[in-house]
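The chain contents come next:
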Amino acid sequence: MAAADGGGEDYISELPDALLSVILSLLGTAEAARTAALSTRFRGVWAATPLRLDDLDLPALAALGLGGGTRTTASSSPIAPWTARADAVTRVLASHPGPVALFRLSRTSFRGRVAAAEAWFRELAAKRAREVALLCAPEWCHLALADPLLGCATLESLALGECRVSDRGASAARLTELTLSSTHLSEAALQSVLSGCPALRTVMLKHVEGPRSIRVRSCRSLVLLGVWQYKNLEELTVEDAPCLERLLGDMRLTAAINVSGAPKLTAFGYVVISSSNFLLFDEVIEKDVCNGLRAPLLSVKILAISVKFSSKNDMDKLMNLLNFFPFVETLHVQASDTRYDLTQDSTDTVGSSYHENLDHIGCVMNHLNSVRLESKVHNIYMLEFACFLLARAQVLQLMTIQSKVFSTPQCVAGQQALLNQSHVASTEAEIVFEDMESHDLEHLSLELANTLPDPFDTYHR
C-alpha cells in the first residue's frame, strides 16, 4: 500500500486497537508472539487481547535452543526438553494480564512438579479463563489439585487428566463442557461438581478413580453423559435430566443402572454383557437381565451392546436386554469373543438350534431398520445371530457386518453364501460386508459425540 502511494506510511499501525486485537486473536500462539515482538504498535495491543495459548503452536524445541536433546545453562545444569517447554508456557501465561480465551496443552509435561501445576490452575482462574484443555500424558501433573479451575466463574470448557478434586465444591456457573480423565475424586466431590455447575451440557468421565456410584440428579441442562472404564462401578443413576440425549460409555451389567426422567434419551451404550473380560477381582454377578436396569427405556432409538456371541448365558441376557428397549431402530453389537472362546465347546456354548427356539422380540420385529455387527475374528456365532435378525426383522433396511477377515473377496463370498440360505423377512434388507477398522468410542471428540446422528457410527465414516 505504501509503495502504491509513493510514500512510507504504515497504514496497519493506524488501525484502531479493537481491530488490531481481532487480527491478533485470529493468529496462532507463535504468530501472535512474533507479531507483538516485531511491532511496538501490536505489542501493547497483545496485552489487551484475550490470550490464546496452544502448545502445538509453540516453536519446535530447536527454536528454543534445545535441538533434539537437552540444553545446558551457564551453571552447567542440563535442562530437559519437557522442562523448557513448560517454562516457556509459564512465562507466556505470566506475561499476559488476561483474560485467557484458550489454554490448551497436549505435549507439555510438568513431570511431577505439582506446585507449578497448581500455580497454573490458580493463575488461569484469576485471569478469567474460558477454555482450558490439558491433554498431556498422564504423568504431566501427578494429582495436582484442580479446585481453582472448578471455581472459575468465567470457565466454559474444561478437560483435565491425572489431577485431583476435593470435596469443597464447585461454582463454575458458566461451565458447559467437562472432561475428567484418570482424575481422583470422591463421590461427594463428583456430586458437588455436577450440582455446582448448573450449565453443564456435556460430561465425560474416563477412568475416574474413587466413586463406586455415579448419581446424576437434576442436571437439567445435560445433553451428553459419558462414563468409561469404571471397573468397580456399583451404581449408575440418572434422574431428572430432561435434556439428556446420549448416555455413552462401557456400562457393565454388574452395576445397577437406573435411568428415569430422561424423556429425550435416544442413544445408549455400549452395554457390556461379558463382564468377565474386564473385571479382574470382582465376582461376576449372574442375575436375570442385569443388576439394575429396572424399567424399559422407551425413548432410546440407538442401542450399542458388547457381547460374547458364543456364550449361551450372554446371548440369553442380550435377548432379555432387547426387551428393555422396545422402540430401538438402530442396533450396534460388538463381539467380545476371543479366538479361544470360539474354539471351545462347553456347556455354555450356543447350540445350533438356539436361535430357532427364541421368542419374538418386539423391537426386532417392528422397529429395527439398521444393524451393525462387528467381530475382530471370524465368528460363526455372530453370523448365526445375523441370520436370526434377518428372519425376524420385518422393516430392516441395512445390515452391515464388519470383520478383519473381510479384506479379501473370497472371505466375503463365503459369508454371503451362508446368509443367502437364511430367510429374510424384509424385502428391502441390504447386507453389506466391510473390513473392520480399529476404533475406540472412548476417544470420541465432544464435537462428534454431540453432532453425529449416530455417535456409535463415528469411526466407520
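See the structure shown above.
For the structure given in this document, a descriptive report is provided here. These figures come from a predicted structure and were not determined experimentally. (Residues numbered from 1 in each chain as written. Predicted model: local features only at pLDDT ≥ 70, side-chain atom pairs only at ≥ 80, totals over all residues. Heavy atoms only, no water.)

## Describing the overall build of the protein
Summing up its helical and strand segments, the protein has 14 helices and 21 strands in all. Residues counted as buried form 49% of the 461 residues belonging to the protein. Counting contacts in the protein only where the partners sit at least 6 residues apart, residues at least 24 apart contribute 61% of the total. Carbon and sulfur atoms make up 52% of the accessible area of the protein, which totals about 20,900 Å². (Helix = DSSP H or I, 4+ residues; strand = E, 2+ residues; numbered from the N terminus. Buried < 20%, exposed > 50% of the residue type's maximum accessible area, 1.4 Å probe, protein only. Contact = heavy atoms within 4.5 Å. Areas by Shrake-Rupley, 256 points an atom, 1.4 Å probe, with all protein chains shown as cover.)

## Thoughts on the pattern of salt bridges
This structure, assessed with the given rule, holds 13 salt bridges. Of the charged contacts in the structure, one is a salt bridge between R215 and E235, with a shortest N-O distance of 2.9 Å. Here R215, found in strand β11 (residues 213-217), pairs with E235, found in strand β13 (residues 235-239); they are 20 residues apart in sequence, far enough to count as distant. Its salt-bridge partner being R372, residue D457 comes within 2.9 Å of it at the nearest N-O pair. Within this pair, whereas D457 is found in the segment after α14 (446-451), its partner R372 is found in strand β19 (residues 370-375), the two being separated by 85 residues in sequence. (Salt bridge = Lys/Arg side-chain N within 4 Å of Asp/Glu carboxyl O.)

## Details of the sheet that holds strand β15 (residues 256-260)
Sheet architecture is open: three strands sit in the order β11-β13-β15, paired in parallel fashion. Of all strands in the sheet, those with a lone pairing partner are β11 and β15, marking the two edges. Averaged over all adjacent pairs, the angle separating strand axes in this sheet is 0 degrees, with direction ignored. (Pairing = 2+ DSSP bridges. Axes fitted to C-alpha atoms, helices over the stretch in contact; angles between N-to-C directions.)

## Quick word on the packing of aromatic side chains
This model, assessed by the stated rule, comprises five aromatic pairs. Measuring from centroid to centroid gives 5.6 Å for F309 and F385, while their planes differ by 45 degrees, and the two rings are tilted. Taken together, the residues span a long stretch of sequence, with F309 in the loop between β17 (302-307) and α9 (312-322) and F385 in helix α12 (residues 380-392) at a distance of 76 residues. Each member of the pair, F309 together with F385, is buried. Ring-pair connections join several aromatic residues into one group, and the members of that group are F309, F385 and F388. Taking NZ or CZ as reference, K206 lies 5.8 Å from the ring centre of W228, over its face. (Phe/Tyr/Trp six-rings, centres within 6.5 Å; stacked < 30°, edge-to-face > 60°. Lys NZ or Arg CZ within 6 Å of the ring centre and 35° of its normal.)

## Observations regarding a nonpolar patch on the surface
Taken together, the side chains of L19, V22, I23 and L26 define a hydrophobic patch exposed on the protein surface, amounting to about 360 Å² of accessible area. Following the sequence through the fold, L26 ends up in the loop between α2 (17-25) and α3 (29-38). (Patch = residues over 30% accessible without salt bridge, like charges linked within 9 Å, V, L, I, M, F, W, Y side chains within 5 Å.)

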